[in-house]
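If you want the building blocks of each chain, they are given just below.
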Amino acid sequence: MSAAPAIRRLRAANLRRSGAMAAYLFLVFFFLMLPVVVVVLASVSNTSYLVVPPRGVTFRWYRAVLDNQEFTGAILYSLRLALVTTLGSIVLGVAASYALVRLWVPGRAAISAVLMAPLAFPAVVIGVALLQFYSALGVSGSFAGLVAAHMVITVPYVVRAVLASLHGADAAVEDAARTLGANRWVAFFTVTLPLIRPGVVAGGLFAFIVSFDNVPVTIFLLDVRHVTLPVKIFTSIEYGVDPSIAAVSTMLIVATGLFLVVAERWLGFHRFV
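So, here is what we can say about the structure in this document. (Residues numbered from 1 in each chain as written. Predicted model: local features only at pLDDT ≥ 70, side-chain atom pairs only at ≥ 80, totals over all residues. Heavy atoms only, no water.)

1. Structural notes on the overall build of the protein chain
Then, number 1: Looking only at helices and strands, the protein chain has 11 helices and zero strands in total.
Then, number 2: The order of α-helices and β-strands along the protein chain, N terminus first, is α-α-α-α-α-α-α-α-α-α-α.
Then, number 3: Taken over the C-alpha trace, the protein chain has a radius of gyration of 24 Å; the compact-globule value for 273 residues is 19 Å, which it surpasses by more than 25%.
Then, number 4: Taken along the three principal axes of its C-alpha coordinates, the protein chain extends 85 × 70 × 30 Å.
Then, number 5: Residues classed as buried in the protein chain amount to 37% of the 273 residues present. (Helix = DSSP H or I, 4+ residues; strand = E, 2+ residues; numbered from the N terminus. Rg over C-alpha atoms; globule rule 2.2 N^0.38 Å. Buried < 20%, exposed > 50% of the residue type's maximum accessible area, 1.4 Å probe, protein only.)

2. Things to note about the packing of aromatic side chains
Then, number 1: Tallying each qualifying case throughout the model produces nine aromatic pairs.
Then, number 2: Relative to Phe189, the ring of Trp185 lies with its centre 6.2 Å away and its plane at 15°, an arrangement referred to as stacked. Here Trp185 pairs with Phe189, and both are found in helix H8 (residues 184-213), just four residues apart, close to one helical turn.
Then, number 3: By relative accessible area, which is 63% here, Trp185 ends up exposed.
Then, number 4: By relative accessible area, which is 49% here, Phe189 ends up partly exposed.
Then, number 5: Here the aromatic residues Tyr98, Trp185, Phe188 and Phe189 are joined through ring pairs into a cluster of three or more.
Then, number 6: One residue, Arg80, lies across the ring of Phe143, its end atom 4.4 Å from the ring centre. (Phe/Tyr/Trp six-rings, centres within 6.5 Å; stacked < 30°, edge-to-face > 60°. Lys NZ or Arg CZ within 6 Å of the ring centre and 35° of its normal.)

Shown next as structure tokens:
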């Protein structure tokens, strides 16, 4: 009976700590989401300038974005660039990851560090370095050069995700397939690739999002005829900000959020972050 008051005090202390932690997490979440809320509210304002809270509610700014050929052209160019970059990053990233895990490669640790190096360097530094390199080669402003630049910053995400899947896949299954007569290519495509598919898809999703949203590298390498959507938004702010910028930003936020929700429910995206 004498222990009952102590137990009650312990439970009360635990409740207070839980309440304090919940309040702290709410404040952190609110602080992180407040800019998003501001952008969304500004995108539906009935005024021709940004104001929060909105004065009236209208969706005409979304229609204005979709009717603007510069914005729609930038969206299509960004999608094409991100898709090509993602495909190339998956091919190179899967090949590199497989070699590092399944094959004997001299200097494996050094190669892995080089593959991951773009994650440690500031994107602006990479953009300036690639601009100078492309200018020396005479390929500055080309679509192929822009794809290669994006692959530099997206391949590490594919490698990281695929490495995690390969370490979790049993190599004996592939060995068994080869023992039964399959060559290395057949064994990889019929046995190993299905096993590591979650990592491949997760790496591809990372690569697509990073490529589509990139500004620091892209802005140095674009030609005068084409522009990506993030760069278009960035440069449009120079001439004044109206709710159409908030509208297209909201569209990006919603699309990226849905993208990640689907990936999380389908793959368990958090395992590769």
